[in-house]
Structures are given as C-alpha cells and as structure tokens.
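# Secondary and tertiary structure notes
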Amino acid sequence: MRALEFDRVSCRYPEDDFDIIDNLSFSVEAGSFHCIVGVSGCGKSTILRLTCGLLRSKAGTIRVNGRPVAEQSHYCGYMPQRDLLFPWRTVGENLALPLEIRGGYTRAERRELAEEALADVGLAGCRDKMPSELSGGMRQRAAFARTMLAGSDLLLLDEPFSALDFLTRVSMQEWLLEQWEKHRMTILFITHDVEEAVFLSGSVLAVDQTPIRRLSEIPVPAPYPRTRACLARPEMAELREELIEMLRRRVEV
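### Points about the side chain of Q72
Mapped onto the elements, Q72 comes out in the loop between strand 5 (67-68) and strand 6 (77-79). Since its relative accessible area comes to 19%, Q72 is described here as buried. For Q72, the side chain forms a polar contact with the main-chain oxygen of V64, separated by 3.1 Å. Excluding its chain neighbours within four sequence positions, the residues that come into contact with Q72 are V64 and R67.

So, in structure tokens, the structure goes:
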C-alpha cells in the first residue's frame, strides 16, 4: 500500500520566478524508511512542507493512504530541524500539545499518554522537567515522541539530528532505527549527510537536479536490523561514494 504519493506536483515560492518542484511524481510504501539527500537549497524540505500542508502546490495532487491531503487532517507527524519545544511548558505539556489540538482527551488522559510516550523513548521520569533541563539528544527524543503523538503512521523528519555533536548523532541514528523497527511507521527523513542516509534507509531518494523533476531511488544493500558495522562492507562504501559523487556533480553544475 502506498503511504505517500506525489502525482505531477509543482511548487513555486512567491519570491521566485521558477518552480522549485516541477511535475514531480514519486511514491513510498507503507512501513518504509527513506532518506532524501541533496545539496543545500535544492528543495528537499519543500517536499515535506508540501506533504504536511505548510505549503500549497501549484499543480498536481499529493495523497496519503490513497486520499488527497487537502481532504484530510492529522494524517502525518512533522519534526523540523530544531526541536521547537516550548520553553515555558514542561516536557510532558509539550508532548500533550498534539492531543490538545486534536481534542477529545481529558487532562488525565493527556498526561498518561505523554508519560507512556516518554517511557517509550527512554525519558521516563522527565514529564515534569523543563526543556532547558534536557540535553540536546534528550530534547530530540522528546520532540520525536511529540511527533508520534500526532497520531499518524507517516512521519516527516527534516534533518532532526544535524545540530547534534557527532557521538550524540550516531546514538540518535541507532535509537531511531530501533523505534522504526518497533513501530514500523513510514518515515521520510531529510539529510545532507550521505553516511546517515545509507545507514538509515531502505532506499535513498536522491535529488540530482533543480528544479526537482524526479527522485532517483537507490536501494541500500544491507538488511535490517542494522548496526554501524554494516557501513564497513564494500558494497555500502561503494554506495556512499556513488552518492557523494552524484551530489558533487550537482554542486559543480
């Protein structure tokens, strides 16, 4: 089943005189994990913003689970690059925000669901802490839990680990794969880090031109579950270099 489908979608920002996305068609299957890679400014984030409704397309149709997104609400969870936890709300109150927006939950139910979500991401006991009391990795896990509470199996993650130090980023990548294997949601994950894309993806979706008219799908030759040891395999190293060369050619154009 197709979790997400772009059907001849085009998009132009008001300040531009060209389409950043031009007649783009692609789809992803339910339960899949895809990273989108491309050089900075190529339009990767535009794909997620169109999907979650922050932008409107100029033409074409975007469908989630077979239905146009214009006819739906609460159909995806979106996590931008920064965690965007409100500093004046506790961690638990931040997590409860999607439930408040959706409505239909009592305060006690929201607290219980927030506690369960925090425990699920390894943050049990952090409900009453303020965001400033958490480390960068803990804040990102809290933001991911909040995204999960949006109530959708489609998660859109826009460079969520790019601001973290190297060791924390590696730890978060491994943690995210564990979460995906546990819940089997559909994930679109934007990154400019080729190694991150190769480690996480079932197949990489590469942007090799602007405007974006296609996404080149490149399967990753490693089964799940994975450890970072798989990155040392010759076929994985070859894929990494292939992607780097593809992006380098794009920069030199």
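### Looking at the pairing of strand 3 (residues 33-37)
Of all the 5 residues making up strand 3, 5 are buried; the element is thus mostly covered by neighbouring parts of the structure. Residues F33, C35 and V37 of strand 3 are buried on one face, and the alternating residues H34 and I36, pointing to the opposite face, are buried as well. Taken together, the 5 bridges between strand 3 and strand 8 (residues 186-191) define a ladder with parallel strand orientation. Among the inter-strand pairings, C35 is bridged to a residue of strand 8, identified as F189. Relative to strand 9 (residues 203-206), strand 3 runs parallel, the two being bridged by 4 bridges. If you follow H34 over to strand 9, its bridge partner there is S203.

### Remarks on the sheet that holds strand 5
Across the sheet, which stays open at both edges, the 4 strands sit in the order 2-1-4-5 with antiparallel pairing between neighbours. Only two strands of the sheet have a single partner each, and these edge strands are strand 2 (21-29) and strand 5. As paired strands, strand 4 (residues 59-64) and strand 5 are joined by 2 bridges and run antiparallel to one another. Residue V64 lies in a different strand from strand 5, and its bridge partner there is R67. Across the sheet, helix 1 (residues 44-52) is in contact with strand 1 (2-11), strand 2 and strand 4; its angle to strand 1 comes to roughly 110 degrees.

### Examining the pattern of salt bridges
Applying the stated rule across the entire model yields 15 salt bridges. What you see here is one network of salt bridges that share partners, running through R2, E5, D7, R8 and R63.

### As for the packing of helix 2 (residues 91-102) against helix 4 (residues 136-148)
Orientation of helix 2 relative to helix 4, taken along the N-to-C sense of each, is 30 degrees, at an axis distance of 7 Å. On the basis of their axis angle, the class for helix 2 and helix 4 is roughly parallel. The two elements helix 2 and helix 4 meet at a crossing, and its hand is right-handed. Contacts between helix 2 and helix 4 involve V91, N94, L95 and P98 on the former and, on the latter, A142, A145 and R146. Tallied by class, residues from the contact of helix 2 with helix 4 come to 5 nonpolar, 1 polar and 1 charged.

### Structural notes on helix 2
Within helix 2, burial applies to V91, G92, N94, L95, A96, L97, P98 and L99. On its buried side, helix 2 packs onto helix 3 (107-120) and helix 4. Backbone geometry just after helix 2 places G103 at a positive phi near 80 degrees.

### A short note on the packing of aromatic side chains
Following the criterion strictly, the structure yields 7 aromatic pairs and no others. Seen from their ring centres, F86 and W88 are 4.8 Å apart, and the 25 degrees between their planes marks the pair as stacked. Here F86 falls in the partly exposed class, since its relative accessible area comes to 30%. Taken together through their ring pairs, the aromatic side chains of F33, F161, W180, F189 and Y224 make up a single cluster. The positively charged end of R226 is found above the aromatic ring belonging to Y224, 4.1 Å away from the centroid.

### Description of the packing of helix 2 against helix 3
At a closest axis distance of 9 Å, the pairing of helix 2 and helix 3 adopts a crossing angle of 115 degrees. The way helix 2 lies across helix 3 gives a crossing that is right-handed. Together, V91, G92, L95, A96, L99 and E100 of helix 2 and R110, L113, A114, A117 and L118 of helix 3 make up the contact between the two elements. Taken together, the residues that form the contact of helix 2 with helix 3 break down as 8 nonpolar, 1 polar and 2 charged.

### Overview of the side chain of S201
In this fold, S201 is placed in the loop between helix 6 (194-200) and strand 9. With relative accessibility at 0%, the residue S201 sits in the buried group. A distance of 3.0 Å separates the side chain of S201 from the backbone nitrogen of C35, its partner in a polar contact. If we ignore the near neighbours within four places in the chain, the residues touching S201 are F33, H34, C35, V220, Y224 and R226.

Parameters and conventions
Residues numbered from 1 in each chain as written. Predicted model: local features only at pLDDT ≥ 70, side-chain atom pairs only at ≥ 80, totals over all residues. Heavy atoms only, no water. Helix = DSSP H or I, 4+ residues; strand = E, 2+ residues; numbered from the N terminus. Buried < 20%, exposed > 50% of the residue type's maximum accessible area, 1.4 Å probe, protein only. Polar contact = N/O pair within 3.5 Å; in protein donor to acceptor, adjacent residues only side chain to side chain. Contact = heavy atoms within 4.5 Å. Pairing = 2+ DSSP bridges. Axes fitted to C-alpha atoms, helices over the stretch in contact; angles between N-to-C directions. Salt bridge = Lys/Arg side-chain N within 4 Å of Asp/Glu carboxyl O. Parallel < 35°, antiparallel > 145°, perpendicular 65-115°, else oblique. Left-handed = near helix turned anticlockwise from the far one by under 90°. Nonpolar A, V, L, I, M, F, W, Y, C, P; charged D, E, K, R; others polar. Phe/Tyr/Trp six-rings, centres within 6.5 Å; stacked < 30°, edge-to-face > 60°. Lys NZ or Arg CZ within 6 Å of the ring centre and 35° of its normal.

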